[in-house]
Every structure is written in C-alpha cells, then in structure tokens.
Amino acid sequence: MTAVTFIHTSDFQLGMTRWFLSPSAQSRFDDDREEAVVRLGELASETGAEFIVVAGDVFEHNSLNTSTLLRSKEVLKNLPVPVYLLPGNHDPLVADSIFFNSFADNVHVIADSEPIEVRSGVEIVGAPYLSKRANYDLVRRALEPLEPLDRASGAVARIAVGHGQVESRAGEAEESDADTIDLTFVEDCLDRGVIDYLALGDTHSTASLGRTGKVWFSGSPETTAFDDRERDSGNALVVRVEGEAVDVEKRSVGRWAFRALDADVNSMDDVERFLAELEEMPGKTRTAVKYSLRGTLGLSAQARLEQGLANLEEVFASLKPRERTMDLHLAPSEDELSELSLSGYAADALSELLEDLENPTARDAANLLFRLSAKGA
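For the chain, an unreviewed UniProt entry supplies the name Nuclease SbcCD subunit D and the organism Corynebacterium singulare.

Here you go:
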C-alpha cells in the first residue's frame, strides 16, 4: 500500500472533573467522554483508518481512582484498531506513571522517540513527556536524528506525534517556554521528507498550524472548556497520507457544549430575549452555560429574569453567572416603588440606601430589600 489513513486525536484527560457540574451532570460528562473514545473507533471503522494516535494527555493525571482506570482500559481495549498513546504533561512517563499499568495488546504506549513500525513502510515517532515539565523542545529532540524517508525502498509515511505549544514562524510570542515546539524546524523536516505529518495535542481546539497543512492540533474529542477559550473542540481528524500529499478531514465526535454568554439587559424585552436564547439551545442536559449580564432593571424585569433562570437551572447541565463580570443593577420605577407600600423603618432604610447607590454594599442591600419587599407584596 502506498497510502495510509489514521485517526489523530488528543487530550482525552479521562478522569477530568468540572467544578461547576452537579454530581449527576458530572456522571453524564464522565460517561460521554468515554463514549467519545468509542466513537473514535467507529470513525476508524467507517473511514478505513489503520490506527489511532493520541497526542498526549490521555489521562487527567497519573493517580486516577480504580474505577476510572479500569473503565478507561476497557474502552481502549475495545477499539477496533491499534491505538498509540503519547504521555503528555498531565500524564508524563514518570516513576508512578499510569502508563506502567498493563494494557490490552492493541494499546501501545509511545515511551521514547525510537521510530515505531506500525506496518511495513509506516512509522510513528513520538516525543513523550518524561517529566511534568521539559526544559527543551521535545519534538525537535525526537526529529533531529532522523533522515529523510527513502520512498524508493518502500517507505510510505512517517507520522510524528507531539504535545505542547508551538512557536509561531513570525515569533509573535514575546516569551517562549523552553519546551515550546519550533514550527520553523518542523516545517523544514516536512519539506525535506523527514516526516509527513505532525500530530499535536495540548490545545483542546482543532487548528491547522503553519503553511504546510501538515501540522495540526486535533483538539479534544469532547468539549472541556467554555467557548470564550475553547472555540472548536469535540472533533477528531481523519488523516490520509499518500506520497507528499496529506488530506485532513475534521469530524465531529463530541456531544457537549460549554457556552459563555454576555448580554446587556435594560428592559423586560431584553430579559425575554436573553431567556429565549437560553430556551432555544439544544441538548441542555449536556450544555454548560456561564453568563455575564450588564444593565439596570426594574422590579418586574428582575423578577422575571430570576424566575426564568431558576427554572432553566434545573434543565441545563450547568447555568451559572460569572460573578466577576456581572454588572446588573436594580432600579425600580416610581410606580413599582409605590406598589411596595413600605413604611416605618423599612421605608427609611430604603430611602437611605437609594441615596448611596454608588456604594456597592448599599446597592446590594437595596437590591435585597427590593426583592424581599416584592415577594412580600
């Protein structure tokens, strides 16, 4: 065969927890992260892929509980093609590495940078993390000893597998870590035929890097962070190498969505519009939302917002405000104030608070008094 097709994925981080998920939502999240790995196997069968490469951070850390470890091993064992696991910075190949566990025969740990023959003419060369942090470019260290492939002698493809951030060709980063991958060097290796493709992990969003179309972050197969940081996750890459030609197809395998919302709300219409946006989201039980609201609302609009959010919180996997960026104020109209029918100490307290709304403490106290009074009415 003069071509090879494989699946490029990374950053399973099996065992990951998200603090904002309830226990039941976390349980769904755990199950779906394992199911995403199952779908990688289905994708391999569908596309005729010969193997799967996981470019680092297979596990969240090296000290998983027994249940998570055994379930992970079972999922990997049942993949229909060989899978090659690269230790990353979350699960480095250190003395207590999880990779020293016994795995099924179809599961292969990339423990060093010696080329691994997958089949005749096809090699994988990896750059595993041997400690939590590296003080050199692991990918460069792995590729420097290699000579260009001799296709006349039957070489089909050499796939490099790495994990970490990449230094841009333009040197945009002001400061680079010692383990930053030198993209210029990688592209030189691609130009000279030393490797045909670099499969990268670490960034959880899918992205092509550089000018060649042969260096990619696959992203995590299941979403792990909100879309103000992680913009295109939940994918896997189907890669076909034939001679010097490389074709990369992005395929969706994830089920979860993590949404970061920002909205200005200054009227009942604004509140209804925001709540409608939440109502229209599909797959709420597998959707986490963090929201930031800015504006000033009257009592009725505030009450509608609070009730709408309270109802939706029961449906979403997570629906929480971003307290650090929330800037929502309560300012009842004269009609609303008159309907409160406050008297005595409560009326005096309200009057005093309204005169000092620039003070955050006074503003919060006034907001609380409005809400309590409205409920009492």
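Picking up after the structure, the text goes on.
To continue, consider the sheet that holds strand 6 (residues 122-126). Across the sheet, which stays open at both edges, the six strands sit in the order 5-6-7-10-12-11 with mixed pairing between neighbours. What marks the edges here is a single partner per strand, and that holds for strand 5 (116-119) and strand 11 (207-208). The sheet contact formed by strand 11 and strand 12 (residues 215-217) spans two bridges and is antiparallel. Following the sheet pairing, Ser208 is matched in strand 12 by Trp216.

Moving on to the environment of Gly344. With respect to the element layout, Gly344 can be found in helix 8 (residues 344-354). For Gly344, a relative accessible area of 46% translates into the label partly exposed. Separated by 195 residues in the primary sequence, Gly344 and Leu149 place their C-alpha atoms 89 Å from one another.

To continue, consider the environment of Val265. Mapped onto the elements of the fold, Val265 is located in the loop between strand 15 (257-264) and helix 5 (268-279). You can call Val265 buried: its relative accessible area is 0%. Separated by 218 residues in the primary sequence, Val265 and Thr47 place their C-alpha atoms 48 Å from one another. Setting aside chain neighbours within four positions, we find Val265 in contact with Asp270, Val271, Phe274, Leu293, Arg294, Gly295, Thr296, Leu297 and Leu328.

All right, on to the packing of aromatic side chains then. Per the counting criterion, the structure on display carries twelve aromatic pairs. Ring centres of Trp19 and Phe20 lie 5.5 Å apart, and the angle between their planes is 80°; this geometry places the pair in the edge-to-face category. Owing to a relative accessible area of 74%, Trp19 belongs among the exposed residues under this scheme. Consider the rings of Phe51 and Tyr84, whose centres lie 6.0 Å apart with planes at 85°: the pair is edge-to-face. Taken together, the residues Phe51 in the loop between helix 1 (23-47) and strand 2 (52-54) and Tyr84 in strand 3 (residues 83-85) connect sequence positions 33 residues apart. Judged by relative accessible area, Tyr84 falls into the buried class, the value being 5%. Here the aromatic residues Trp19, Phe20, Phe29, Phe226, Trp256 and Phe258 are joined through ring pairs into a cluster of three or more. Between Lys73 and the ring centre of Phe103, over which it is positioned, the NZ or CZ distance is 5.8 Å. Geometry around Tyr136 places Arg141 over its ring, the cationic atom sitting 4.0 Å from the centre.

Our focus in this paragraph is the side chain of Ser10. Take Ser10: it is sitting in the loop between strand 1 (3-9) and helix 1. Ser10 sits in the buried class, given a relative accessible area of 0%. A polar atom in the side chain of Ser10 sits 2.6 Å from the side chain of Asp11. Sequence-distant contacts of Ser10, that is, excluding residues within four places in its chain, are made with Val54, Ala55, Gly56, Leu200, Gly201, Asp202, Ser218, Gly219, Ser220 and Pro221.

The phi angle at Gln13 is positive, at roughly 45°, despite the residue not being glycine. Following the sequence through the fold, Gln13 ends up in the loop between strand 1 and helix 1. Of note in the backbone geometry, Asp202 takes a positive phi value of approximately 120° without being a glycine. Mapped onto the secondary structure, Asp202 falls in the loop between strand 10 (197-201) and strand 11. Classification of Asp202 by relative accessible area gives partly exposed; the value is 22%.

Put simply, helix 5 and helix 6 (residues 299-313) touch, their axes get as near as 9 Å, and they point 10° apart. In this view, helix 5 runs roughly parallel relative to helix 6, as classed from their interaxial angle. Counting all contacts with helix 5, which are made through Met268, Val271, Glu272, Phe274, Leu275, Leu278 and Glu279, the residues of helix 6 involved are Ser300, Ala301, Arg304, Leu305, Gly308, Leu309 and Leu312. Along the lines of polarity and charge, the residues of the contact of helix 5 with helix 6 split into nine nonpolar, two polar and three charged.

Another aspect to go through is the sheet that holds strand 3. The strand order across the open sheet formed by six strands is 4-3-2-1-13-14, and the pairing between neighbours is mixed. Edge positions in the open sheet fall to strand 4 (107-109) and strand 14 (245-252), since each of these has one partner strand only. Here the strands of the sheet are splayed against their neighbours by 25° on average, with no regard to which way each runs. Two elements, strand 13 (residues 235-242) and strand 14, share eight bridges in a ladder whose sense is antiparallel.

The N-to-C vectors of helix 1 and helix 2 (residues 66-77) enclose an angle of 20°; their axes lie 9 Å apart at closest approach. In terms of their interaxial angle, helix 1 and helix 2 are classed as roughly parallel. Both helix 1 and helix 2 take part in a crossing whose hand is right-handed. The residues of helix 2 that touch helix 1, namely those facing Asp31, Glu34, Val37 and Val38, are Arg71, Val75 and Leu76.

Our focus in this paragraph is the pairing of strand 10. Burial of strand 10 is extensive: five of the five residues sit out of reach of the surface. In this structure, strand 7 (residues 157-163) lies alongside strand 10, joined through five bridges in parallel fashion. Among the inter-strand pairings, Gly162 is bridged to a residue of strand 10, identified as Leu200. Where strand 10 meets strand 12, three bridges bridge the pair, whose relative direction is parallel. Considered in strand 12, the bridge of Ala199 is made with Trp216.

Scoring rules and cut-offs
Residues numbered from 1 in each chain as written. Predicted model: local features only at pLDDT ≥ 70, side-chain atom pairs only at ≥ 80, totals over all residues. Heavy atoms only, no water. Pairing = 2+ DSSP bridges. Helix = DSSP H or I, 4+ residues; strand = E, 2+ residues; numbered from the N terminus. Buried < 20%, exposed > 50% of the residue type's maximum accessible area, 1.4 Å probe, protein only. Contact = heavy atoms within 4.5 Å. Phe/Tyr/Trp six-rings, centres within 6.5 Å; stacked < 30°, edge-to-face > 60°. Lys NZ or Arg CZ within 6 Å of the ring centre and 35° of its normal. Polar contact = N/O pair within 3.5 Å; in protein donor to acceptor, adjacent residues only side chain to side chain. Axes fitted to C-alpha atoms, helices over the stretch in contact; angles between N-to-C directions. Parallel < 35°, antiparallel > 145°, perpendicular 65-115°, else oblique. Nonpolar A, V, L, I, M, F, W, Y, C, P; charged D, E, K, R; others polar. Left-handed = near helix turned anticlockwise from the far one by under 90°.

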